[in-house]
Amino acid sequence: MLKRDGGKQLKMTFLTLEELMPEKHFLRDLERSVDFSFIYDIVEPLYARVGRPSIDPVLLVKMLLLGYLYGIPSERKLEQEVRVNIAFRWFLGIDFDEPVPDHSTISQLRHRKFGGTTLFQDIFDEVVRKCMAAGLVTGKLLLTDSTHILANAAKEKREVIEVPDTPSEYVKKLDREALEAGLLDEPVTYPEKTKTVTKSTTDPESGLMNRPGKPNAFCYLNHQTSDAESGIITDVFVTPGNVNDCTPHASRLETQIDKFGFETEAVCADAGYDNSEVYDAMLKRGIRTYIPKKRKPNNAPSYTEGFEPEAFIYDPQEDAYICPQGKTLAYSCYNKNGHKKRYQATRQDCNNCPCRQQCVGSSKNSRMVERLLHEEARQEQAKNRNTPEYFAALRLRKIWCEGNFSHQKAEHNLRRTYKRGIERVTEQCLLSACAMNLIRLVKAANAVFFHCLGAIFKGYSAFSGYLSTAPFHYTPAAFSCKNQL
């Protein structure tokens, strides 16, 4: 029978947010798992002791996190969702008769109050520590990768400018080591030089990416490190898109190891991080590296098989190389530009060699081999390749690092950012990583809770044995909370 609902008389009903909030909800689990009151201690120096009361900073940070937890792309849309969503109001502590913070207020606070501070980095670090306390982070194996983020800048709006061309700290370190080893007669001086770079006039802090298989556009690079235990993101670092992956890698690894007190045994990355600086820094700390060998560039000299530089054997006692025909390549000089030691055969040995054509070809010079200052570290770390641990680490890197990036690009606007400037993009990447870590932390807490219930029925001894022998492992599943909206 057809029924029509006529006009109903409005009536007054007394309900609370607690009664309307579902008992089984992700935000209830998050509120139980994480105490956000630590934010007060972080932001206290930013507020005056007198004046008009401000918006609760914990409410503000939790509201920003809601946008990343539920894939809400803008603060304007976030404000609208909080107005009508009971679960959001409950999580933020905003009652029915209380106003929701305006989106412009949130934006101004982020720019004026929190701009230029380490607030979001401190919050990210605290979330990582909570994950460590929950047993989700061991720091034994760290996995690193980077992804490009298209900048909010038109490709055609560009200019070519002159910028200072200063050597990196690693280059200066190599020059100091060469001087101490007697390879240089005097300290290296660095004359003031400039180089031309293409800058965006819309977002000057972005960088023009020019890599094979990547978009030729202004981008940022998000360098992320994840722990292999549960995929928790332990470090976030943003650079312009024209920075090499390996440039900040060693320093970022050392930063997080020292910050969190990791007892790291190995690190893993792709071939883009094949760099002597990483090998040397990790070897000095007793850390293994699982990094594939980088492919040779197209302009590299081509040699007949059996006469590649790897076929020459280094004699550390004589500080010389032995060629495949048994001839000696003695130390010749130090290449200051390439920071390499040069070893060269005599012309007589090369002219009388039956393999001259295969080795040097039509060149009139004798054969020369170059050796990096940190070649010993590179060779030592190369022993870790093609081992079972090496292949297992590469699989975990593909699962966790690429899995994290896949979700962040789909849900957190990391495919193309709407923000401008490294500080704003870093803030976005840190909040995105916080959301990923919090979801895993809640899932871990729920897993512990249900295993505790099972242990109550099975007996205390069974539960104790489980905790001591079976740590929790998780696979990258759907990290979005949209199904609970």
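Residues numbered from 1 in each chain as written. Predicted model: local features only at pLDDT ≥ 70, side-chain atom pairs only at ≥ 80, totals over all residues. Heavy atoms only, no water.

Draft legend 1. Layout of the pairing of strand β1 (residues 141–150). Across the 10 residues that make up β1, a large majority, nine, are buried. In this sheet, strand β7 (residues 266–268) lies alongside β1 in parallel orientation, the contact comprising three bridges. Directly across from Leu-143, in β7, lies its bridge partner Cys-268. (Buried < 20%, exposed > 50% of the residue type's maximum accessible area, 1.4 Å probe, protein only. Helix = DSSP H or I, 4+ residues; strand = E, 2+ residues; numbered from the N terminus. Pairing = 2+ DSSP bridges.)

Draft legend 2. Here's a closer look at a nonpolar patch on the surface. Together, Leu-15, Leu-20 and Phe-96 make up a nonpolar patch on the protein surface, roughly 260 Å² of accessible area in all. Within the secondary structure, Phe-96 sits in the loop between α6 (86–92) and α7 (103–113). A relative accessible area of 42% places Phe-96 in the partly exposed class. (Patch = residues over 30% accessible without salt bridge, like charges linked within 9 Å, V, L, I, M, F, W, Y side chains within 5 Å. Areas by Shrake-Rupley, 256 points an atom, 1.4 Å probe, with all protein chains shown as cover. Salt bridge = Lys/Arg side-chain N within 4 Å of Asp/Glu carboxyl O.)

Draft legend 3. Representation of the confidence of the model for the chain in the model. Across the chain, the average pLDDT comes to 85, with 89% of residues at 70 or higher. Throughout residues 449–480 the model reports pLDDT below 50, and contacts reaching past four residues in sequence, or to other chains, amount to 32 contacts. (pLDDT = per-residue confidence, 0-100. Contact = heavy atoms within 4.5 Å.)

Draft legend 4. Inspection of empty space enclosed by the protein at higher detail. Taken as a whole and judged by the stated rule, the model has two cavities of 30 Å³ or more. By volume, the largest cavity amounts to about 130 Å³. What lines the largest cavity is a set of 15 residues, and nearest its centre among them are Cys-323, Cys-350, Cys-353, Cys-359 and Arg-367. When contributions to the lining of the largest cavity are tallied by element, the ones reaching two or more residues are α12 (347–351) and α13 (356–359). In terms of residue class, the lining of the largest cavity is made up of 10 nonpolar, one polar and four charged. Its boundaries defined by the atoms lining it, the second largest cavity holds a volume of some 40 Å³. Put simply, the parts of the chain that give the lining of the second largest cavity at least two residues each are β5 (218–227) and α10 (249–260). A total of three residues in the lining of the second largest cavity trace back to one element, the largest contributor, which is β5. In the lining of the second largest cavity, the residues fall into two nonpolar, five polar and two charged. (1 Å grid on protein atoms, 1.4 Å probe; cavity = no way out; pocket = protein on both sides within 12 Å on 5 of 7 lines; lining within 4 Å. Points joined across faces, edges and corners; volume = space filled by probe spheres on them. Nonpolar A, V, L, I, M, F, W, Y, C, P; charged D, E, K, R; others polar.)

Draft legend 5. Just the packing of helix α9 (residues 169–180) against helix α11 (residues 276–284), in detail. At a minimum axis separation of 11 Å, α9 and α11 run at an interaxial angle of 70°. On the basis of their axis angle, the class for α9 and α11 is roughly perpendicular. As for the relative orientation of α9 and α11, their crossing is left-handed in sense. Here α9 contributes Tyr-170, Lys-173 and Glu-177 to the contact with α11, which in turn contributes Ser-276, Glu-277, Asp-280 and Lys-284. In the contact of α9 with α11, the residues fall into one nonpolar, one polar and five charged. (Axes fitted to C-alpha atoms, helices over the stretch in contact; angles between N-to-C directions. Parallel < 35°, antiparallel > 145°, perpendicular 65-115°, else oblique. Left-handed = near helix turned anticlockwise from the far one by under 90°.)

Draft legend 6. Quick peek at the side chain of Ser-276. Relative to the elements of secondary structure, Ser-276 occurs in helix α11. Given a relative accessible area of 7%, Ser-276 falls into the buried group. Within the structure, Ser-276 has its side chain in polar contact with the side chain of Arg-378 (distance 3.1 Å). Apart from residues lying up to four places away in sequence, Ser-276 is in contact with Tyr-170, Leu-372, His-374 and Arg-378. (Polar contact = N/O pair within 3.5 Å; in protein donor to acceptor, adjacent residues only side chain to side chain.)

Draft legend 7. Representation of the packing of aromatic side chains within the structure. One pass over the full model with this rule turns up 10 aromatic pairs. Grouped by ring-pair contacts, the aromatic residues Tyr-314, Tyr-321, Tyr-331 and Tyr-343 constitute a single cluster. Against the face of Phe-91 rests Lys-62, its NZ or CZ located 4.3 Å from the ring centre. Sitting over the ring of Tyr-331, Lys-341 keeps its end group 5.6 Å from the ring centre. (Phe/Tyr/Trp six-rings, centres within 6.5 Å; stacked < 30°, edge-to-face > 60°. Lys NZ or Arg CZ within 6 Å of the ring centre and 35° of its normal.)

Draft legend 8. Looking closely at the layout of surface pockets. A volume near 640 Å³ is recorded for the second largest pocket. Lining the second largest pocket are 22 residues, with Arg-211, Lys-214, Asp-245, Asp-270 and Gly-272 sitting closest to its centre. Those elements giving two or more residues to the lining of the second largest pocket turn out to be β1 and α15 (388–411). Counting residues per element, the lining of the second largest pocket draws most heavily on β1, at four residues. Per-class residue counts for the lining of the second largest pocket are seven nonpolar, six polar and nine charged.

Draft legend 9. The arrangement of the packing of helix α4 (residues 57–69) against α7 in detail. Two elements in contact, α4 and α7, have axes separated by 11 Å at closest approach and are oriented at 105°. In terms of orientation, α4 lies roughly perpendicular with respect to α7. For the pair α4 and α7, contact is made by Leu-60, Met-63 and Leu-64 and by Ile-106, Leu-109 and Arg-110, respectively. Its residues assigned to classes, the contact of α4 with α7 comprises five nonpolar, no polar and one charged.

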